[in-house]
Amino acid sequence: MTTELEQARLPERLTGEEDRDTAQLERRAPFQLVLGEIPLLLLLAATGALGALLGAPVIPRTLLGLPLIFFIPGYTLVSALFPSDEGLDGTERVALGFGLSLALIPLIALGIEYSPWRLTLVPILTGLLTTTVIFSAIAVLRRGRLPADRRYLLGRPRLAMAHPRNWDRRSRFAAGTIAIGLLLLTGAGGVIVADRLQGEPMTEFALYNAAGKPEFYPREVSPDQPATVLVEVTNHEGKPETYHLRVTAAGAEIARADGISVADGATVQQPVTIHDLPAGADQIPIQFDLYRDDQPPESPPYRTLRLFVTAGDQPGESS
């Protein structure tokens, strides 16, 4: 018969057996318990990026690339935030994975758009893979610090969905995250599209005659009859700019204008008088070089125009 003392020790003995079983399980599959589904997600992400870079056929490239864009980054972030099996079940993790991926896409795109790189394939893939690897590493580290019986293990998510009125706090949080992600995706996408529709930053540089028309330019200049032209600068740089103009003939400076300030989207006309040309020279190239003041002094001209004229004789000389 079991004595009262043995009965009292029985729960302690059972607890010790459970601890030994947990320890044996952790020794038997430590990497599986810690890594879980993370290696598979990293493999899918790398395969999708490689398929895009190598120009795989459209259907395989699409099937492999969609998880990298719309699911894997967000799911690894969920894994980093919730490393234990408490708080979120499989369905909520999947839903949050889609929602957070939608929220991450515009943030990555905006970061690339306002960086030295352009919004092209390689920077986008680099941003997606970098965020995925970082979140995966955090998830593995946080899972590794938990007891084996508390780490999240991937299971089959339930497909049935309750009516929104019956959602608990976690389900509402997941739905709200997806909604916020869609809003961020739409808003940031609109900003990028609007920026692209505006085109690349540029400055328009044009030359007109003294009457302000792009025709009948002066073709002959003499000391007693200098010529005047209008130089027009239109700023599409996206911010106010200050320019300076240098006019040369045969390598010698004949005119200069400093401090030409032009607001964004505005147009300024600057008159330039051409004189002091070598007498009797034919077809002299008059070069109009426009510089931005925020460029280094040794920079080449930002915009350049040329006008060919003939220099008349000095007063008193026969033609």
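Each remark here, short or long, concerns the structure printed above.
Criteria and cut-off values
- Along each chain, residues carry numbers from 1 onward, in the same order as the chain's sequence is written.
- For this predicted model, a pLDDT threshold of at least 70 governs which residues receive local features, and a threshold of 80 or more governs which side-chain atom pairs are given and counted, while totals over whole chains, interfaces and linings are taken from all residues.
- As a convention, hydrogens and water are excluded, and side-chain values are obtained from all of the structure's heavy atoms.
- Here the rule is simple: two strands pair whenever DSSP picks up at least two bridges between them.
- The way it works is that DSSP assigns letters per residue, a run of H or I at least four long becomes a helix, a run of E at least two long becomes a strand, and they are numbered from the N terminus.
- Patch membership is restricted to residues that have no salt bridge and whose relative accessible area is over 30%. Joining uses 9 Å for like charges and 5 Å for the nonpolar side chains Val, Leu, Ile, Met, Phe, Trp and Tyr.
- The Shrake-Rupley method, run with a 1.4 Å probe sphere, supplies the accessible areas, and residue values consider only the shown protein chains as cover.
- Counted as salt bridges are all cases of a side-chain nitrogen of Lys or Arg within 4 Å of a carboxyl oxygen of Asp or Glu.
- Relative accessibility under 20% of the residue-type maximum defines a buried residue, over 50% an exposed one, and the middle range a partly exposed one, all with a 1.4 Å probe and only protein chains included.
- Residue contacts are defined here by distance: any two heavy atoms, one from each residue, within 4.5 Å place the two residues in contact.
- Note on ring pairs: Phe, Tyr and Trp rings are taken, using the six-membered ring of Trp, and paired if centres are within 6.5 Å. Classes follow the plane angle, with under 30 degrees stacked, over 60 edge-to-face and the rest tilted.
- In this scheme, Lys NZ or Arg CZ marks a charge over a ring once it lies within 6 Å of the ring centre and within 35 degrees of the ring normal.

Digging into the sheet that holds strand 4 (residues 241–249)
The strands making up a sheet associate through hydrogen bonds between their backbones, and the pairing can be parallel or antiparallel.
Logical step 1: One open sheet holds the five strands; their spatial order is 2-8-7-4-5, and the pairing between them is mixed. The sheet is open, and its two edges are formed by strand 2 (220–221) and strand 5 (252–262), each paired on a single side.
Logical step 2: Sheet topology places strand 2 next to strand 8 (residues 303–311); two bridges connect them, and they run parallel. Paired with Val221 across the two strands is Ala311, which belongs to strand 8.

Notes on a nonpolar patch on the surface
Logical step 1: Side chains of Leu50, Leu53, Leu54, Leu121 and Val122 sit close together on the surface and give an oily, nonpolar patch of about 500 Å² of accessible area.
Logical step 2: Sorting the residues of the nonpolar patch by element identifies helix 3 (38–54) and helix 7 (121–144) as the ones contributing at least two each.
Logical step 3: Here the nonpolar patch gets three residues from one element, more than from any other, and that element is helix 3.
Logical step 4: Note that Leu53 resides in helix 3.

Focus: the side chain of Thr76
Logical step 1: Inspection of the secondary structure puts Thr76 in helix 5 (residues 72–81).
Logical step 2: By relative accessible area, Thr76 is classed as buried at 0%.
Logical step 3: Residues in contact with Thr76, not counting those within four places in the same chain, are Leu41, Thr132, Phe135, Ser136 and Ala139.

Comments concerning the packing of aromatic side chains
Logical step 1: Summed over the entire model, instances satisfying the criterion amount to two aromatic pairs.
Logical step 2: Both rings, one in Phe71 and one in Phe98, keep their centres 5.0 Å apart while their planes meet at 45 degrees; by these two values the pair is tilted. Remark: Phe98 occurs in helix 6 (residues 90–113) and Phe71 occurs in the loop between helix 4 (58–70) and helix 5; sequence separation between them is 27 residues.
Logical step 3: The buried category is assigned to Phe71, whose relative accessible area is 16%.
Logical step 4: Its relative accessible area of 39% is what places Phe98 among the partly exposed residues.
Logical step 5: The rings of Phe71, Tyr75 and Phe98 are connected pair by pair, giving a single aromatic cluster.
Logical step 6: Taking the ring centre of Tyr302 as reference, the NZ or CZ of Arg292 above it sits at 4.9 Å.
Logical step 7: A cation over a ring is seen here: Arg303 above Tyr302, with NZ or CZ 4.3 Å from the ring centre.

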